[in-house]
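# An overview of the molecular structure
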Amino acid sequence: MHILEVRELTDKIKAALDKPELQNVAVTGEVSNFKHHTSGHMYFSLKDETSRIRAVMFRSRNRSLNFVPQDGDMVVAVGSVGVYEFSGDYQLYVDWLFPAGAGALAIAFEQLKSKLEQEGLFDRAHKRQLPFLPRTVAVITSPTGAAVRDIISVARRRHPGINLLVIPALVQGADAPASLVRGLELAAVQPDVDVVIIGRGGGSFEDLAVFNDEGLARAIVHCPKPVISAVGHETDVTIADFVADVRAPTPSAAAELAVPSYLDLAERVKYLESSLQRQVLDRIKHGRRYLAQLERSGALRRPGERLRPLRMRVDELWTRLVSIAGQQVEGGRKARDVLVAKLDALSPLTTLARGYAICQDSTGRVVTSYEQVQPGQELTVRLKQGRLACSVLKGEEK
Amino acid sequence: MKDLKFEEALAKLEEIVRQLETGELPLEDSLKLFESGVALARLCSKKLDEAEGKIQILLSEDGEPTREEFAVEEDAL
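About the thresholds
Residues numbered from 1 in each chain as written. Chains lettered and ligands numbered in written order. Predicted model: local features only at pLDDT ≥ 70, side-chain atom pairs only at ≥ 80, totals over all residues. Helix = DSSP H or I, 4+ residues; strand = E, 2+ residues; numbered from the N terminus. Buried ≥ 20, exposed ≤ 12 C-beta atoms within 10 Å, placed from the backbone. Contact = placed C-beta atoms within 7 Å. Axes fitted to C-alpha atoms, helices over the stretch in contact; angles between N-to-C directions. Left-handed = near helix turned anticlockwise from the far one by under 90°. Pairing = 2+ DSSP bridges. Nonpolar A, V, L, I, M, F, W, Y, C, P; charged D, E, K, R; others polar. pLDDT = per-residue confidence, 0-100. Arc of directions from axis to C-beta.

### Some details on the overall build of chain B
- Broken down by element type, chain B carries two helices and two strands.
- Reading chain B from its N terminus to its C terminus gives the helix and strand order α-α-β-β.
- Looking at chain B as a whole, 25% of its 77 residues qualify as buried.
- A separation of at least 24 residues holds for 44% of the contacts in chain B among residues at least 6 apart in sequence.

### Considering the overall build of chain A
- Tallying secondary structure elements over chain A gives 12 helices and 13 strands in all.
- Put simply, of all contacts in chain A between residues at least 6 apart along the chain, 65% involve residues at least 24 apart.

### As for the packing of helix α4 (residues 146-158) of chain A against helix α9 (residues 251-258) of chain A
Residues and elements named next belong to chain A.
- It is the contact of α4 with α9, at a shortest axis distance of 8 Å, that shows an interaxial angle of 35°. Considering the relative orientation of α4 and α9, their crossing is right-handed. Where α4 approaches α9, its residues Ala-147, Asp-150, Ile-151, Val-154, Ala-155 and Arg-158 are matched on the opposing element by Pro-251, Ser-252, Ala-254, Ala-255 and Glu-256.

### Let's talk about the sheet that holds strand β1 (residues 55-59) of chain B
- Pairing in this open sheet of seven strands is mixed, and the strands run β10(A)-β9(A)-β8(A)-β6(A)-β7(A)-β1(B)-β2(B) from one edge to the other. Of all strands in the sheet, those with a lone pairing partner are β10 (246-248) of chain A together with β2 (66-69) of chain B, marking the two edges. Sheet twist, expressed as the mean angle between neighbouring strand axes with direction ignored, is 25°.
- Bridge count for strand β9 (residues 227-231) of chain A against β10 of chain A is three bridges, and the pairing is parallel.

### Structural notes on unusual backbone geometry
Residue and element names in this part refer to chain A.
- We note that Asn-24 has phi near 55°; this positive angle belongs to a residue other than glycine.
- With respect to the secondary-structure elements, Asn-24 resides in the loop between α1 (6-17) and β1 (25-36).
- Residues other than glycine seldom take positive phi values, yet Asn-33 does so here, at roughly 50°.
- Mapped onto the fold, Asn-33 is located in strand β1.

### Things to note about the interface of chain B and chain A
- The interface of chain B with chain A comprises 35 residues on the first partner and 38 residues on the second.
- Contributing elements (two or more residues each) for the side of chain B that touches chain A: α1 (6-22), α2 (27-50) and β1 of chain B.
- Here the side of chain B that touches chain A takes 12 residues from α2 of chain B, the largest share from any one element.
- Here the side of chain B that touches chain A is composed, by residue class, of 22 nonpolar, six polar and seven charged.

### Concerning the confidence of the model for chain A
Residue and element names in this part refer to chain A.
- Residues at a pLDDT of 70 or more form 78% of chain A, whose mean pLDDT is 82.
- Low pLDDT (under 50) marks residues 301-305, which in the prediction has seven contacts with non-local residues, meaning those over four places away or in another chain.
- Contacts for the low-pLDDT stretch residues 325-333, under 50 throughout, to residues beyond four places or in other chains number seven contacts.

### Regarding the sheet that holds strand β3 (residues 52-57) of chain A
Residues and elements named next belong to chain A.
- Strand order in the closed barrel formed by five strands is β1-β2-β3-β5-β4, with mixed pairing between adjacent strands. Averaged over all pairs of adjacent strands, the angle between strand axes in this sheet comes to 50°, irrespective of strand direction.
- One ladder, built from 10 bridges, connects strand β4 (residues 74-84) with strand β5 (residues 89-99); its direction is antiparallel. By the bridge assignment, Tyr-84 is partnered in β5 with Asp-89.
- On the sheet, α1 packs against β4 and β5 and is oriented at approximately 140° with respect to β4.

### Here's the deal with the pairing of strand β2 (residues 42-47) of chain A
Residues and elements named next belong to chain A.
- Every second residue of β2 is oriented toward a common face, the buried set being Met-42, Phe-44 and Leu-46 and the non-buried set Tyr-43, Ser-45 and Lys-47.
- Pairing analysis gives five bridges linking β1 to β2, with the strands arranged antiparallel. Bridge pairing links Glu-30 to Lys-47 in β2.
- Hairpin connection, β1 to β2: the antiparallel pair is bridged by five residues, and Gly-40 has positive phi, about 105°.
- In this antiparallel pair of consecutive strands, β2 and β3, the connection spans four residues.

### Some details on helix α7 (residues 214-222) of chain A
- Along α7 of chain A, the residues classified as buried are Leu-216, Ala-217, Ala-219 and Ile-220 of chain A. Summarising the axial view, the buried residues of α7 of chain A lie within an arc of 165°, below the 170-degree limit, and thus occupy one face.

### A closer look at the environment of Phe-67 of chain A
- Take Phe-67 of chain A: it is sitting in the loop between α2 (59-62) and β4.
- As a C-alpha pair, Phe-67 of chain A and Leu-112 of chain A span 45 residues in sequence and 8.6 Å in three-dimensional space.

### Description of the environment of Ala-244 of chain A
Residues and elements named next belong to chain A.
- Here Ala-244 is to be found in the loop between α8 (239-243) and β10.
- When the C-alpha atoms of Ala-244 and Cys-223 are compared, they prove to be 9.6 Å apart, with 21 residues separating the residues in sequence.
- Residues contacting Ala-244, with those up to four places away along its chain left out, are Ile-220, Val-227, Ile-228 and Ser-229.

### Some details on the confidence of the model for chain B
Residues and elements named next belong to chain B.
- Residue-level pLDDT values for chain B average 80, and 86% of them are 70 or greater.
- Ranking the elements of chain B by mean pLDDT puts α2 last with 80 and β1 first with 93.
- Two numbers describe this predicted complex: its pTM, 0.59, and its ipTM, 0.83.

The following block contains the structure:
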């Protein structure tokens, strides 16, 4: 009988194991004794109720792993069985490793999410406010997809005056994240772009996973302009949604968030403009009552030209009021008629021209009663030409 | 004032209306505020309507990115 050396026996065993059915096999089992060595290689065992096999995944292989295995994880390992001569162990040399059950993408999602969250990239404090009225909205997505059509349609409907700039990007496949990052870079240097929508329409989990890319997440955070994420449907959540300044449930919703309604804005302006007119008319009415009161009190004994500048000013404003009323698109004529009627009603104001003075205290408040001032207090009396600085001698009721 | 953004002009306009509503200002000051308010309201309307509303696509395949009109299918709108 030929006596073998250990090395010879080991070589025979290696040869015996070098069979096609032991190469490139997929095996499922539970991870145990997992160690990520400082060399970068991963050592662990795969086991089930009755059996166990050692496994190694070299650094060159595990570098592309998008999750970190842990003891207890059910995984699918793809690799080849071989012998480690030094210890006499046979083991599985793992080329690919996937989480069983949860799915590789889901695990990767959770891990990236908690990593970025710990870095503070999701903090509300970092989020930028969307512009009130953007000049141009950049839309980074596929130029042929449903998302771009939805966004354009909604944006047009809300405010036809807002510019839209489509920045084409791949939204599926391995090259998509880099393409989307490039889109963000382009958007960042367009001076008229005030807000960015990045997204795509609905798709499979794998399709949407393009938006779970770490590089893309960081590019969104670093984009100098506010970014709205708009990926898939309401129920789809991606890493991009967490890092974006605003998450829109759908591309259409993103357009609603980015583009203010023209009608709302125009109505707001119109409302404020009419408030202005109303306020000023109220003031003029108030002034008229005050002047009437002055006349009745007989305090002014020198009717003349003193208040002509004020009257002229008021006349000028009337003219403007009328002209503004005339310019109002809706009900312009009616508003104008109402206003003109109001102004006619105020015509006694022309008595201003007869020359009164307005007495004001140092804060500009008009003095209408002797009770408002103290002896010695300084008052300003406005005349037709210039003003007088006066001091109160005494106040009397009559 | 021409350099104001829409939202800035709107905020100023709102502030002016608020000031006028308190009713404590002298008439002369109210009139001044009214004048600025009218100018701001006009500016707001102008800014709202002056936007061009272009739909463009940024093409960057060969070097320098250029903008071209983006053709939208009419039935999509």
